[in-house]
Amino acid sequence: MNYRLMWRKAVNGVMLGLTGVCALLAVSVLFFILGYLVWHGGKALNWDFFTKLPKPVGEEGGGMANAIVGSAKLLLLASLIGVPIGFFGGVYLAEFGGRTFAFLVRYTTDLLNGVPSIVIGIFAYSIVVLPFKHFSTLAGGVALGIMMIPITLRSTENFLLLVPRSLHEAAMALGASKWKTIATVVIPAAYRGVLTAILLALARVAGESAPLLFTAFSNRFWSRGWDQPTASLPVMIFTYAIAPYEDWHRQAWAAGLVLLGLVLLTNLAARLVMSRGMSARRS
Amino acid sequence: MIIVKRLAMLALLLGLGSAAQAQGDPMLVNGAGATFPYPIYSKWFDEYHKLHPNIQINYQSIGSGGGIRQLLAGTVDFGASDGPMSDEQLGQAKVKVLHFPTVLGADVPTYNIPGVTQELKFTPDALAGIFLGKITKWNDPAITAPNAGVKLPADDIVVVHRSDGSGTSYIWTDYLSKVSEEWKTKVGKGTSVNWPVGLGGKGNEGVAGLVKQTPNSIGYVELIYAIQNNLPYGQVRNSSGAFIKADLASVTAAAAGTAKSMPDDFRVSITDPVGKTAYPIASFTWLLVPEKISDGAKKKAIVDFVRWMLKDGQKFAEPLAYAQIPKEVVEKEMKAIDRIQ
Amino acid sequence: MATVPIAVERAGPGWGPRTLLRRLRSGDEIAHLATLCFAASVILITTWLVYVLWVNSALPRHKFGLHFFLTSVWDPIFDQFGALPFIYGTLVTSAVALLLAVPAGLGAAIFLAELAPQRISDALTFVIDLLAAVPSVIYGLLGIFTVVPLLRKYVQPFLHSTLGFLPFFQGPHYGVGFLAAGVLLAVMVMPFIISVSREVLLAVPVDQREAALALGATRWEATWKVIVPYARIGILGSVFLALARALGETMAVTMVIGNNPRISASLFAPGYTIAAIIANEFTEATGDLYLQALIELGLVLFLLTFILNGLARLLILLTTQRGTAQE
């Protein structure tokens, strides 16, 4: 072997090794985050965390029961707004979309997907909080709902397009109208894919705190109905983490663990639904 | 499809549930504002809720600036601030806003210098110099001169201030404007100013958090935040030339002069007062209540709370290191409550 | 609210009795129209959003004009608002993030696309997709309690003593600041770079690599000199996508940036980003001009991400289509 070739082989080895290190690094970040949260959050988690209301400032103990319920309510509202628009919008693009208008919808959806969450917060504040004169669960739900639309819409479209054309044609040949074909053949076939999309969208907005700061605001008590401010897990983590109290830090870790656990589990569930039902790969 | 249906059902159930609850529901009164009195406020609202289970007062400490803003925008039922509203802000309000002093508190310079456990003494010039960015090392003569015997490091000073609109900042800058001509012209006083140096922390909580975490830092917080977090805080030289530590007596002394000459709208500054034992960076903190509250039940709840706070509530102040409102002022406030319609 | 009757009027001509009857003959038209409405609402919402941002930022736009972008004083007391420190902070933190995340992300993507066996690659990609799902506020939490102290105690003193002659690594070691925000952002955007770059690399036709290997190139040479250049536009697209995310990222940055509207060359210094100042000051801006200046910042952020996202998608589309066109 000449010197030149040895050099090239060495570079080959080193560089390929480095790419492996990069991959390892990226993957280990997740395990670091998980490990750290389990370590700190696990110690802090107790029954009170899930059942009690927060204590007055500086007093130890209490929990985040209201924030957990608050987050659930916000997600429910968000799905009520985001899922129908995203789902039917996706059906439109996959089944009816013309050229120009469909392009416009696709383009705007991608645009909306890229809008920073804090800007969505400004929007929700302007259209819900100001007119109603209330920080409210509703406003927070609207903000999160808007964020869910683009994810649900584009994935629904993708999954519907993955349904083989032959299924369409078979149904049409049997005399079914187009919408009947869609409702009874296409959507059931893509059902798992769409469910995955919705779960992923939920997981994404579940961790959002920026748009909630000035929409859902926060609440030390239970938030009743939909027109009162509400606590939510991500906002609580933010407030507790930047504060000086040790006990709040402890609870922030616990909340972080719960939130991350929920988000990752939802992601896992989504994959599971996906891998069981469809062999087609996402684009 | 099934999911959509299930979601709709769930929503319906939850909706019905909350509607049914609404009948015998506790009433929620929303307030927001200052973080300076947040420890005592959250204690009060907690105690008050125990006495009156059907009233919940949700107070969010978003800063005095936020309290004023959200009150003007009508998104909260009452606000709270440690800087009185300016004439301009009052002019913007659609309804007249009343100020009710609740307790007295103090801004203290709190620091985190590794190896220094003694109580530092600060002259007004030193504080102004540090926050103007002119004094940058801990061993600057302006700091060391009154602190003979304390070994201060040659490290850079990390200044921590508030990033949000804050009454604590208002008190601090109001004081610095009174003692430093340069501060007055360059920076001025207000709830959020254009800080010459430093890191910004959100809320008194955020500043205390940053100071606690950052070696060689100095910030200003309400007294209780320093006490609760075991942060050392310094003495400040008052107008009579004595170094005074912030405590109940020295803060009460600061208000003594103004107690008898309290203006009708309660908007008054007590920083840099005369008095040998007075702590120079103290202030009243105010609840901001609209003069007209259309919802009768809410109006009653707020009025009742203010009355309770001025009488029974005051006893919770001292354990949290806030000073009680002077008697003369309480009497005056009791009369002012009747102006709420 | 007032727009509803107008919309009906506009739709008027198409709703004549005869056309209506014909349309209703099959349910298709109803389904078409119904889904169309949902699709159109996306456009409506987005337009409304831009409209809200535009209308509510009229005051500072008229008062400051272009000066808004060129002045660096943010002084609510004297009603002076300049966006420069925030734009600067946003760009600097994003640049630091990309500087760290692009090489690492690209390396990982090459490993996943070119070297790792299919099953390992899929498993790792899954983990990296999970990483992308970690909420921003959790990155912030870890940022405050691990990244910031590490930077202050070890990284900053080290950089100071080795590269301290550069203006970027001078000044006191606060821990919080541009560097902390940049590091957090790097970790946050890396998953996006990895998964998009991997897709793009996988879309490169196999014959490209085979040709290079046949000519005697080592595996690394085939990857670096043939495949990566072939996919470069798509990789650039992934970088733009990451940049767009970094620019708009709010919570994690707000928690570690130091919240100080100042322009400094040193990465150790505290700064501020557009998203962070909106998060901190939006609820408490006391004057109308103040509030609207914040909304104008929101508009700026919107436009920045709008342009970057558009570019990113175009670039990714270009490469993946070129790749698949030959299949």
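Residues numbered from 1 in each chain as written. Chains lettered and ligands numbered in written order. Predicted model: local features only at pLDDT ≥ 70, side-chain atom pairs only at ≥ 80, totals over all residues.

### Comments concerning the overall build of chain A
Here is step 1 of the chain: If you tally the helices and strands in chain A, you get 10 helices and zero strands.
Here is step 2 of the chain: Helices and strands in chain A line up, N terminus first, as α-α-α-α-α-α-α-α-α-α.
Here is step 3 of the chain: The C-alpha radius of gyration computed for chain A amounts to 24 Å, which surpasses the reference 19 Å derived for 283 residues by more than 25%, pointing to a less compact arrangement than a globule.
Here is step 4 of the chain: In chain A, the proportion of contacts linking residues at least 24 apart, taken out of those at least 6 apart, comes to 74%. (Helix = DSSP H or I, 4+ residues; strand = E, 2+ residues; numbered from the N terminus. Rg over C-alpha atoms; globule rule 2.2 N^0.38 Å. Contact = placed C-beta atoms within 7 Å.)

### Thoughts on the domain arrangement of chain C
Here is step 1 of the chain: Assigned domains within chain C: domain 1 (24-55) and domain 2 (60-326).
Here is step 2 of the chain: Distance from the C-alpha centre of domain 1 of chain C to the C-alpha centre of domain 2 of chain C: 33 Å. (Domains from an automatic or database assignment.)

### What to know about the interface of chain A and chain C
Here is step 1 of the chain: On the side of chain C, 66 residues touch chain A, which itself brings 68 residues to the contact.
Here is step 2 of the chain: At the level of elements, helix 1 (3-44), helix 3 (65-96), helix 4 (100-114), helix 5 (117-132), helix 6 (137-162), helix 8 (178-206), helix 9 (233-242) and helix 10 (246-277) of chain A are the ones that each hand at least two residues to the side of chain A that touches chain C.
Here is step 3 of the chain: By residue class, the composition of the side of chain A that touches chain C is 49 nonpolar, 14 polar and five charged. (Nonpolar A, V, L, I, M, F, W, Y, C, P; charged D, E, K, R; others polar.)

### Considerations on the environment of A:G114
Here is step 1 of the chain: Residue position: A:G114 is located in helix 4.
Here is step 2 of the chain: Along the primary structure A:G114 and A:G63 are separated by 51 residues, whereas in three dimensions their C-alpha atoms are 35 Å apart.
Here is step 3 of the chain: Aside from chain neighbours lying at most four places away, what touches A:G114 is C:A244, C:T305, C:F306 and C:N309.

### Points about unusual backbone geometry
All names here are of chain B.
Here is step 1 of the chain: With a phi angle near 70°, A321 is a residue other than glycine that sits in the positive phi range.
Here is step 2 of the chain: With respect to the helices and strands, A321 occurs in the loop between helix 12 (296-311) and helix 13 (327-337).
Here is step 3 of the chain: Under the C-beta neighbour-count criterion, A321 is labelled buried, with 22 such atoms within 10 Å. (Buried ≥ 20, exposed ≤ 12 C-beta atoms within 10 Å, placed from the backbone.)

### Description of the nonpolar core
Here is step 1 of the chain: Ranked by internal contacts, the top residues of the largest apolar core, which has 311 residues, are A:I237, C:L184, C:V189, C:I193 and C:V256.
Here is step 2 of the chain: A total of 18 residues in this core trace back to one element, the largest contributor, which is helix 9 (residues 178-202) of chain C.
Here is step 3 of the chain: Excluding anything up to four places from it in sequence, A:I237 contacts A:A252, A:A255, A:G256, A:L259, C:V137 and C:L141. (Core = buried A, V, L, I, M, F, W, Y, C linked by C-beta atoms within 7 Å.)

### Notes on the interface of chain B and chain C
Many authors give the size of an interface as the accessible area that is lost as the parts come together.
Here is step 1 of the chain: Counting residues at the interface gives 26 residues for chain B and 19 residues for chain C.
Here is step 2 of the chain: Within the residue set of the side of chain B that touches chain C, elements represented by two or more residues are helix 3 (64-73) and strand 7 (199-201) of chain B.
Here is step 3 of the chain: Tallying contributions element by element places helix 3 of chain B first for the side of chain B that touches chain C, with five residues.
Here is step 4 of the chain: In terms of residue class, the side of chain B that touches chain C is made up of six nonpolar, 16 polar and four charged.

### Some thoughts on the pairing of strand 6 (residues 158-162) of chain B
Residues and elements named next belong to chain B.
Here is step 1 of the chain: Most of strand 6 is tucked away: five of the five residues are buried.
Here is step 2 of the chain: With three bridges connecting them, strand 6 and strand 8 (residues 217-222) associate as parallel partners. Looking across to strand 8, one finds that V160 is bridged to G219.
Here is step 3 of the chain: Bridge count between strand 6 and strand 7: three bridges; the pairing is parallel. Of the residues in strand 7, the one forming a bridge with V160 is L199. (Pairing = 2+ DSSP bridges.)

### Let's talk about the packing of helix 1 of chain A against helix 6 (residues 84-115) of chain C
Here is step 1 of the chain: Direction vectors running N to C along helix 1 of chain A and helix 6 of chain C enclose 105°, while the axes themselves pass 7 Å from each other. Classified by the angle between their axes, helix 1 of chain A and helix 6 of chain C sit roughly perpendicular to one another. In this structure, helix 1 of chain A uses A:L16, A:L18, A:T19, A:G20, A:C22, A:A23, A:L25 and A:A26 to contact helix 6 of chain C, whose residues at the interface are C:A104, C:G107, C:A108, C:I110, C:F111, C:L112 and C:L115.
Here is step 2 of the chain: Considering only residue class, the contact of helix 1 of chain A with helix 6 of chain C consists of 12 nonpolar, three polar and no charged. (Axes fitted to C-alpha atoms, helices over the stretch in contact; angles between N-to-C directions. Parallel < 35°, antiparallel > 145°, perpendicular 65-115°, else oblique.)

### Re the packing of helix 3 of chain A against helix 3 (residues 27-55) of chain C
Here is step 1 of the chain: Across the interface, helix 3 of chain A lies against helix 3 of chain C with an axial gap of 8 Å and an inter-helix angle of 115°. As for the relative orientation of helix 3 of chain A and helix 3 of chain C, their crossing is left-handed in sense. In contact with A:P84, A:I85, A:F88, A:G89, A:V91, A:Y92, A:L93 and A:F96 of helix 3 of chain A, helix 3 of chain C contributes C:H32, C:A34, C:T35, C:L36, C:F38, C:A39, C:S41 and C:V42. (Left-handed = near helix turned anticlockwise from the far one by under 90°.)

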